[in-house]
Each structure stands twice: as structure tokens, then as C-alpha cells.
Amino acid sequence: MRCGLLLGALLALLTLLGSAPAGAAGMGGEQTCLKCHGSDPKVQAIMHSPMGLKGDARTPMGQLGCQSCHGLSEDHAAGRKPSPDIVFEGPNASPIAARNQVCLGCHQNGERIAWVGSTHARNDIACTNCHTSHATRDPVLVKQAQPFQCFTCHKQQQAQTNYFSHHPVREGLVTCADCHNPHGGHGEALLREVTVNQTCYNCHAEKRGPFLREHPPVRENCLTCHTPHGSTQPRLLVERPPYLCQNCHDGTFHPGAPYSSQNLTGKSAIINGTKTITTKFQMIGQSCLNCHSQIHGTNSPGGAVFLR
Amino acid sequence: MEETVMRVMRSLAATAAIGLALAPFTTAAQTALPATGTTVLPEASGEITAGAGWQSNTSAYFGRYNGQPDHGFYGIGDIHLDAGSAWDSGGTNYLRVDADNLGFQTRSANIELGQQGSWGVRLYYQGIPYTYSTDFKSIWSDAFGLDVRPGSVKNVTTLNPGTLSSFPLQTRRDIFGGVGTFHWGDWTFTTGLRQEHKQGYQQSSVMWGSSPPGVTLGNVTTGGFAFFGQPVDYDMSRYDFTGEYDLQRLQIMVGYTYNSFSDNSPFVTLQSPFAFTSGYGGSAANVAAIYGLPPSTSEHEIKLNAGYTINDTTRLEGNFQYSLGLQNATFVPGTGNTNLAQIAQPQSSLKGMMRSVYTNVALTSSPWPKTDFRIAWTLDNRNNNTNRNNYLDYVGDTATTESTFNLPLSYTNNEIKAEAGYRLAPETKLSLTAAFDDTHRSYAATSRVNEFLIKPKIRGALFDGLFGELSYTYSDRTAFNYNQANVWKVLTGSPLSNDFQGLVQFYEASRQRQEVKAQADYSPLHNLTATFSAKFRNDHYPHSTLGLQSNYNISVGPDVEWDITPQLNMHAYYMFERYYFNQNDIYWTTSTCNSAGTLPQPSGCNGQWNGQTADNAQTIGVSLGWQPMEKLKLNFGYTFNLGNAAYSITDGGLLALGGVPNASMLTAPGPNVNTMLNLVTLRGEYALLPTVSLIGSASLFNFSDNDFAFNQSPTQFSNAVFPGNSKLTTNVAFIWAGVRLKFGVEAPPAPKEAAAAVAAAPARTYLVFFDWDKSDLSDRARQIIADAAQASSRVNTTTIEVDGHADRSGTPQYNQALSLRRAQAVGAELVKDGVPQNIISISAFGDTRPLVPTAPGVREPQNRRVEIVLK
């Protein structure tokens, strides 16, 4: 009931606003094309997209019609050419630079500010490879659908989201665009933030610090120990501890020892006739983190080795 | 108009009141709203889905992210509404409501409204639950409290799984936010507030008792380690303000962001990790330690980002960011041992301050045809201004004190990257990237690192239907000024640990990296694309004699997308991936060696071992979409993942058995660890009426996991208490069914489906194009002819004219014959497609009727054509 009333109230608000000033009257430009293409639902769709709204004076489509994107196309309109001047898909598609230039005419600010020269731009990705303008709602802007667009090229990541340990991408709670800006970023891998760690802190702010006791590789790059898209190890770790930790921590004291994980009953066993062997607790549970549980950093003066 | 809206409003209210009985609403909306966009306000469309589901078994892994691990019944509910001014009404109002997963803890809601081009408001909510375990075992009776001191240990003498505390180990995040947007001239202002609260318990463990586990076997009353639920209770707030300016060539974005993290649980009190001497039982050594939870922090950040298009071929873009991170939480008390006084520290809180500057300037240009380049400079400077002090603590929470300096790590990284591209053909590009990177660090083992990278790449069409890319990357990183053996001693002022000569932390060590990446897309037919992708990356650390020596990652697999018929499509892929690590480490060979690790060790103390880990993963994904009849859509999905991790240790381990006093040396690698996932889902939607669909779904989820690290019963080890059923092996069936009601203006279907589902009115003229001096038909040509043939049966056709044409290269006589051959080829194809021969009229016009007028001799593609006209 409350939900319905809320919706009703919002719609009522919308109606009140409906008497607000109307935008510039449409120039009827779309009729040039609708004479022949009017019955095509795909053509119809753009009218119901934000770009087709005549009341918004900023929309070339709404104000000037189809030609604002597809070019004047006089030869096409006169039947002399099979295609309009700018074609966005199919075998007769225009060169990518020409297609993208149309979109950039309006959409170069905000998140697209670094598009020119970005990895996707340099690899000849067209805006229309991912975006569908002839739709009331661009499918790539729907959270649950968006990763599948990325997976059409990024096959390794497609597989990794199904690994035992993963960010909830396949569950629809996190999308690629939560961390990446496909239009160009200022750090590596088109990340939304300038560094890997800044990106991670957006959701894992408790790791941001600064801490009294800092673990240098943690502060420098989360990817030293974690992999973002999927891992066969718990906690998105790149390798199983203690081996992961022993990549750096060695020495005759306990960090460097080759720990046994044989005889998993937890009881002693005799091997080689004389020696007793037991699975070491460094191999079970959280491995090194069984004791060094505050490995990301701590504010305890006694936490120099992250035991507390 | 108002009446219309009132009707919609009443309908919405009625809908909510009568729950699932939504038919009256749909009817009202149908009649109230126009079927196509006219000048009536508003236009609206949407759908509501309601139903119920049932889950067969309780499973922490199946319910890990949906917050519903328990078996039983669930409600299903989704709402989507799009409403706003009709496109040609002159109005700009919009309202969009999306509410998903209403029956689950993952429920989300998003409401957007405003006037397009003027202002907009967006409000959102998202729940993100995480289930670690549904039946987490703890030795402490007060598992949910902050105070899990040994005094609350229960049943210490008759420890068995039944006597342990049991509780679900879960966290959940609730995220609320609002974003406002305002357009003013060439400016767009956005301001947002996001509030996130996370609460629950996460897995942690603590070592406690009389001796470390594994050294002396005993039972849990005398020593071991035990898992407990560490409380999580914090809030994250984010406020941001952004101004965007857009004027043709110049785009500017300025922004300010404030982030705060507030921890609501100051600390956790537990058994001291090193109070081994007397164990649990109330002796003096049985003391409490205080564990730090993440301290509250805040961060201010300003951003300035600008791009300027200098001319049609050149753009300059720059980004500057400055952030100030602060942390001044009072230090966690040095001990929980009430017999000891708190130690006076140089300061009572950290006064932590982090200043970061990030700057990036890039120039992109294509000054000559076919050529482009980009040059960029990046500065990443993290300056930790936190005071460096010597902090004191009680060793093992006993009267002995030690002191340790904090390490305020700072670094400065400069990178120059240049990329050049040359277009060999319109779709084929050769590029070369070169980069040089210089990093300085303070309070780190390696104080300076340089890296040089070079990467050639080719990307393009090999032949018609095959598109691919191939790249090779080589990078060489050199580490200078390594602090050698004393790194930790030097930095901390205390021999807490000891790393040996030759061990250089791999993430800052000298490294040679090579990477080969290849991907090929093959489309032999317009409805079939097969992709093959492969990647191999190898890292080698030439100056590291200990620690990580090398590692590689390989991934390889095919992927096929095939629209078998307009009603049946499939997507299938397989991926194999392997992560491999190879490391050397040393061990303590005799009891005369100094176990405290003081350097240098006596000679003969260091034995070396070598270990490898190999994690393999194989993934299969299959999805099928089938529409056997207009009203019925079926989807089938199958996902398989097999993770396999293998470990081996050589040159050490068992070889070390002779005379070794430390049980750590009695080593053998453990068994392989496998995880396997199978998930099958069948989903169907049947359109009972144009506005009402029945939908249903059935899933079978199978997961198995033999990881010895956690697959232990809580008391399997006599000196450790495990969390119980974190063993995740499970089989779960999940079924749900519901009703979907669509209302309002039918939103045009997505383009891909639109082509299949709704045919446009057939055209009467079709153009088929040909290669130069050719009269054979391409796949695309055959498709066009098939379309024409099909159209001829649907529109009133008495004659089909097939007119051949040629461009103006070649002689008129030759072109006359060529255009006839083209027309005949098209005519024959039409007959093959079922058009009766006797209604086809073939004509040839040579080069006399060009579509595009050209000079004689010009090879104009648009003139090499056959026109099919249905009359």
C-alpha cells in the first residue's frame, strides 16, 4: 500500500511539473525519415529515448531529427544511395571515427572527458559497440545486463566471475562499471579512480588508513595479494597462503619454514620409520592469518606484526 | 490530462492494496494511456512481477550473496516503471522506478525523477548481504559480544561440536543515497550523498592457551587456536559535488569528495596471542589482549579535469587530484591485562595524515592520415606525513616491554608513456607502446625502482570474416638500493623478523615480464561468431635468490555465439586458466641456530627448499534462448567451474628430516584442493495475454569443496576449534514462479529482438551490390535477395523487375554483359528462394544508369548493383 501511494505521489508531482515550461517546439525533422521508416519499431524506439525528447532543447535528435546523427543524407532520401551518410552498424557501417564523432558532439564531458586516446578508443571501439541509442532504455545501462556487454570481448573475466571466490558480479550486485570507466580512466586498466587502492577503498573503506602499523605492500597495491575478478582461493587471493606470504617473508625463524600439510587428521603420524609428522596449523584455517589476523594494518601499538 | 493521471494514481494505489490482483490496474493503464506517443501527458510503461520461490536446502555458499541461505519459501517481486512526458509533447518530465529482488536481502530500489535538461533527482537503496556460514562454531559462549575473553569459554573439558556455540556468520551492507543534478547553461552540477552501514560478524581467529598448536599436542584447554566472529559495525559516508562544463572544444570537470569511515566498535578483547606459559585456567599468564578494529578515518579530495580539442586531429587532456587523508583515532590500549598499567606512548593518537597528488597530462593526435600517437605523463605521489615515533607495547601482555617504530611509507611514481599507431588498412592497425616508469619509496626495502616497457600490437581484419589481435609485451624492472638483510631491523628498530640476503620482496624486486595476448573472432556466417582468446604472462625475478622466483598465468579458450534460427540462439564458452608460482625459501637446519632470528646466523643454519603452487581453473558456460512459439520464451543456462590447486615442495621438506629439531621441518605437501560448481537453470515465460505473462524458473546448484584448510569438523584437531560448516559442499534446488504484468505504452523491444519479433512493412525496392568485375553473390547479397523473395509473397506483387548495372570502368559493351550476368545471378537466386520464374523480368543497363554519377573509368561501388523492384 505504502509503495503504491509513494508511486502515486511521485506521479502526481510529475503532473504538477507537467505544467512547467515546454521546450522548443520540434522542427519535425524526423518526419523526413519517418515517411519511409516510420513503421520500423527500431526507428520508433529512439523517439522514446532521452535523445528523442523534443522538450529538451539540448537534444539534436529531438530538435532536428534523424539527420542530426545520420547526416543530411540527401542522396539517400532521393533514392540515389542505399544508405544514409552515417551508418552506425551492419556491413555498410561508416568508419568508426566518423561514427564516434557524432556521439562525441554531445557526449564528451563528464566521464567521457578522457575518451580520445583511451585504450578503447585506440582499439577502434565504437560507441555503438556497447551502446544502443535506438532503445527506450539502453541495455548497457541496466546494472544486471552490463557485464555481459563487457564479456563479449573480455573472455578471461567472463570465466573468472564464475570462480569459487569472486565479487558478486554474476549475482548482479556489482558491475564492471563500478570499478572501471570504459570511456577512459586516468590510472591503469581504465579504473574509475586513479589508483587500484583508491578504487578498492570505495567499498572497502576500512582498509584506507593511514594506520599506526602499516603493511607496505597493502598500502601500495591491493593486487599484490588479491586478484579482482575471481580466484580458486578464498578471499580472492592470488595464491594460497602460506606460500603467498612466503614469497616475501623468509628466514630461519618461522616465516620461511616449509610447512607440512600431510596427515590431515591432526594427530601425529610416523613417517620414514622414526619421525613424527603433524599437519602444521599454518596450513589450515586462515594459514598465517590465523595469528596475523590484522594483516591490512592496525592502530594497536602492539600490532607491529599485525597480531592484534 | 489530470484525469488521466488521477486514474493512474488510483490504479497504483489499488494495485498495492490488492497485492497480486493487478488486472484492474493493467486494464486502467491500458485504456488511460495512448498506445503511441502523441501530445498527451504522460506516457508510461512498466511491469510488475510477483511470485514465490522455494529453496530445498540451507547452504551458506548458495546464499552467500543473496542473504537467503536458509531453505524454505521466499517471495519474488520486481517493479519497473518508466513514465514521463510524451516525446513530442514539449514536456520534459520523467519518472523512473526500479525495484528488484524485493523478496531477498539483495533488494534494491532506484527512483529517478526530474525534468530532462533542467534538473534531476535520484534516490537509491541497495542491500548487499554476505553469508560466510550458517552454523559457525565458536568456543566462546558470548560469540556475539565484544568480550570473548577466555573466561567465557564454555565446556572446556568435554569439547565436542555439540557443546560449542553456534550462530550464523553474516554481514550485510545497507546503502542509501541521493544524487541531484542541475543544468545551468553550459554547466552541469551534480551533488550526491551516499551512506553505507555494514554490520555483522566476520571470521577471524586467535591463538590462545598454553602453547602454540602443533608443537605440543594437547587439547583445547591447554592451547591452540580458535575461530571467532569478529564484530563488524561501521558507517561509510561519501559526499561529492561535481561541476561539468562543456563548450564545444573545451570540457572541464571540477569536483570535491569527502569520504568518512566511522568504526562503531572500538576494539575486541581476546586471549593474548602469546600468553602461552600457563594456558587457560586463571593463572597470571591467562591475560587478555586488546585487538584493534579499523580506526575511523576521513578523506578530502579535490579534482580538476580538463580536455581541450586543439583541432580536428589533436586533443590535450589533463587531470589533477589532491587528497588529504586523516586518521586520529585514539590508540587501542596496549594491553588488556588489568595487572599492568597502560604504557605512555609518545602521543595518544596517531595524528595520521596522508597527502596524495595525482597528475596526468596526455596529448593525443593523428597529424597525418593513417597515423596517430599519444604521449602521457603521470605523477602518483603518496606522501605520508604521519609522525614517526617509537611506540611501546607489552610483549605477550606480560611485564616485558618492547618498542617499535611505525613505518610511514611514502612513494613517488613518475611514468612517461608513448604510443604510436599506423593503419595498414582501414580496419587494420599496427601500434607500438613504450613506457618508462620511476618509483622512489621511503621506509621500504627497495628505495628505487625503474621499469621500461615495450609493446607492439597488431589488430585488424586478416580476411573477410576473420578479425584478430596479437600483442607482445616486454617489461624490465630494475630495483636499486635494496636495504639488504637488515631491512626490518633497520626500519623498525627491533628484530621482529629477519629476511635474508637475496630475498627481495617480489612486488618491488627486479623483474622481467613477458606477455603474449591473442584473440581472433571468426564469423563465417552472419549469424555465427567464434572467438578464440589466449593469454600468457610470465614474470621472472632475476636478482631474487629467495622468495618468489617466477610466476606465470595462462588462459585460453573458445567462445561461440550462434543465432541458429531467429527463434533459437546459443552462447557457449570454455576457458582454461592456470596460475603458477615458483619460490625458494630457507629453513633452520639445526637446533644450534638462533631461533630468535638474529643476523647473521651461524654457518650451516640455512637449508633451502623450493616450492611450487599451480592453481588451475576450467570454466564452461552454455546458454540457449528458444522461442518455440510466439507466446513462449525459454532460456536454458549451464555453468561449470572446476578449480584445482596443487602444491609441491622439493629440495627441502622431507629431505630435512635428518636431525631437525623443529617439527616445522617435517614436511610434505598436502593433497590437491578441488572446488567444483555445477549450476543448471531453466527459465520460461508464457504470455497468457498481451499484458500478463506467467514466468517460472528452476535451478539446480551443486558445489563441492575438499579444501583441507577448512573442511574439518570443529574439534577434528585436538588443539584447534574450527568454524564448523564452512565446509561448503552442497546441493540446492531452487524453483520459483510468478506473474508478470505489463502496463502502459508497450516499450519497443530491444533492437536485436525487434528484428526477429516484429517485421517492418516490407520494402518494394532492394539493392544488391557487387565487387568490381564480379557477378557472384556475397552472403549479404543472398540475404537481401531472400528478404526480397520473402517480401514478394507478403505484398501484392505481379512482377519482379531485376535490373543489372555496372560502374563506368571497362568498356560499355563489357559492362552491358557484366550487368546482365549480375541480373541473371540475382534472378536465379530469387528462383532458388521460391519466386516463380514467370514473374521475374530481367533487364541489363550496363553503365548507362549510374546511382552515383562519375567520370568514365571510375570504380564506384554503389554503381555495381542490381535493383530488385516488386511491382
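It should be emphasised that the depicted structure is a prediction, and the values quoted were computed from it without experimental measurement. Counting restarts for each chain: residues are numbered from 1 in the order of the written sequence. Each chain is given a letter, starting from A, and each ligand a number, starting from 1, according to the order in which they appear as written. Owing to the predicted nature of the model, reporting of local features is limited to residues with pLDDT of at least 70; listing and counting of side-chain atom pairs is limited to 80 or more, with chain, interface and lining totals taken over all residues. As a convention, hydrogens and water are excluded, and side-chain values are obtained from all of the structure's heavy atoms.

## Things to note about helix H7 (residues 96–104) of chain A
Residues and elements named next belong to chain A. Using a 1.4 Å probe on the protein chains alone, a residue whose accessible area is under 20% of its type maximum counts as buried, one over 50% counts as exposed, and one in between counts as partly exposed. Helix and strand assignments follow DSSP, with helices taken as H or I runs no shorter than four residues and strands as E runs no shorter than two, numbered in order from the N terminus. Buried residues of H7: Arg99, Asn100, Cys103 and Leu104, and no others. An end-on view of H7 places all buried positions within 135 degrees of arc, on one side of the element. Facing away from the buried side of H7 by over 90 degrees, the exposed positions are Ala97 and Gln101. Here a residue-residue contact requires only that any non-hydrogen atoms of the pair lie within 4.5 Å. Residues of H7 that are buried in the fold lie against helix H9 (127–130). The arc under discussion is defined with respect to the helix axis, by the directions toward the C-beta atoms.

## A look at the side chain of Asn582(B)
All names here are of chain B. By secondary structure assignment, the location of Asn582 is in strand E25 (residues 568–588). Under this definition, polar contacts are N or O atom pairs within 3.5 Å; protein pairs additionally need one hydrogen-donor-capable and one acceptor-capable atom, and for neighbouring residues in sequence, both atoms have to be side-chain atoms. Reaching out from Asn582, the side chain makes a polar contact with the side chain of Asn610 at a distance of 2.9 Å. Other than its neighbours up to four places away in sequence, Asn582 contacts Gly547, Leu548, Gln549, Ser550, Asn610, Gly611 and Gln612.

## With respect to the pattern of salt bridges
A side chain of one charge can pair with a side chain of the opposite charge when the charged atoms of the two come close. By convention in these notes, a salt bridge is any Lys or Arg side-chain nitrogen within 4 Å of a carboxyl oxygen on Asp or Glu. Counted according to the given criterion, the structure contains 40 salt bridges over all chains. The partner of Asp372(B) in a salt bridge is Arg122(A), and the shortest N-O contact between them spans 2.9 Å. Placement of the pair is Asp372(B) in strand E15 (residues 371–384) and Arg122(A) in helix H8 (residues 119–122), with the two residues belonging to separate chains. Under the relative-accessibility criterion, Asp372(B) is labelled buried at 12%. Judged by relative accessible area, which is 9%, Arg122(A) ranks as buried.

## Digging into the sheet that holds strand E34 (residues 840–844) of chain B
All names here are of chain B. An order of E32-E35-E33-E34 is seen for the 4 strands of this open sheet, with the pairing classed as mixed. The open sheet has two free edges, formed respectively by strand E32 (765–769) and E34, since each of these has just one partner strand. Going across the sheet, the axis of each strand differs from the next one's by a mean of 15 degrees, ignoring polarity. By the bridge criterion, 5 bridges tie E32 to strand E35 (residues 865–870) in an arrangement that is antiparallel. Residue Thr765 lies in a different strand from E35, and its bridge partner there is Val869. Helix H5 (residues 779–794) rests against E32, strand E33 (800–804) and E35 of the sheet, and its axis sits at about 160 degrees to E32. Orientation is described by lines fitted to C-alpha atoms, with helices fitted over the stretch in contact, and by angles between N-to-C directions that extend from 0 to 180 degrees. The sheet strands contacting helix H6 (residues 812–832) are E32, E33, E34 and E35, and the helix crosses E34 at an angle near 165 degrees. Any two strands with at least two DSSP bridges between them are considered paired.

## Digging into the state of the cysteines
Working definition: the covalent bond between the sulfur atoms of two cysteines is a disulfide. All names here are of chain A. Note on terminology: disulfide denotes any pair of cysteine sulfur atoms within 2.5 Å. Considering all chains together, one arrives at 0 disulfides over all chains under this definition. With no disulfide of its own, Cys69 lies closest to Cys103 among cysteine sulfurs, the gap being 6.9 Å. Of the cysteine sulfurs around Cys106, a residue in no disulfide, the closest is that of Cys69, at 7.3 Å. Judged by relative accessible area, Cys106 falls into the partly exposed class, the value being 35%.

## Looking at the packing of aromatic side chains
The aromatic pairing rule takes the rings of Phe, Tyr and Trp, using the six-membered ring of Trp, and pairs them if the centres are within 6.5 Å, calling planes under 30 degrees apart stacked, those over 60 edge-to-face and the rest tilted. Summed over the entire model, instances satisfying the criterion amount to 24 aromatic pairs over all chains. Seen from their ring centres, Phe167(B) and Tyr201(B) are 6.4 Å apart, and the 75 degrees between their planes marks the pair as edge-to-face. Of the two residues, Phe167(B) sits in strand E6 (residues 165–184) while Tyr201(B) sits in strand E7 (residues 187–209), which places them 34 residues apart along the sequence. According to the relative accessible area criterion, Phe167(B) is buried, its value standing at 3%. Exposure remark for Tyr201(B): the relative accessible area of 16% places this residue in the buried category. With 5.6 Å between their ring centres and 0 degrees between their planes, Trp187(B) and Phe189(B) make a pair best called stacked. Put simply, the rings of Phe164(A), Tyr61(B), Phe62(B), Tyr74(B), Phe104(B), Phe701(B), Phe703(B) and Phe734(B) pair up and form one aromatic cluster. In our convention, an over-ring charge means Lys NZ or Arg CZ found within 6 Å of a ring centre and within 35 degrees of that ring's normal. For the cation-ring pair, Arg821(B) lies above Tyr814(B), with the distance from its terminal atom to the ring centre recorded as 5.8 Å. The ring centre of Trp772(B) lies 3.5 Å from the NZ or CZ of Arg859(B), which sits over that ring.

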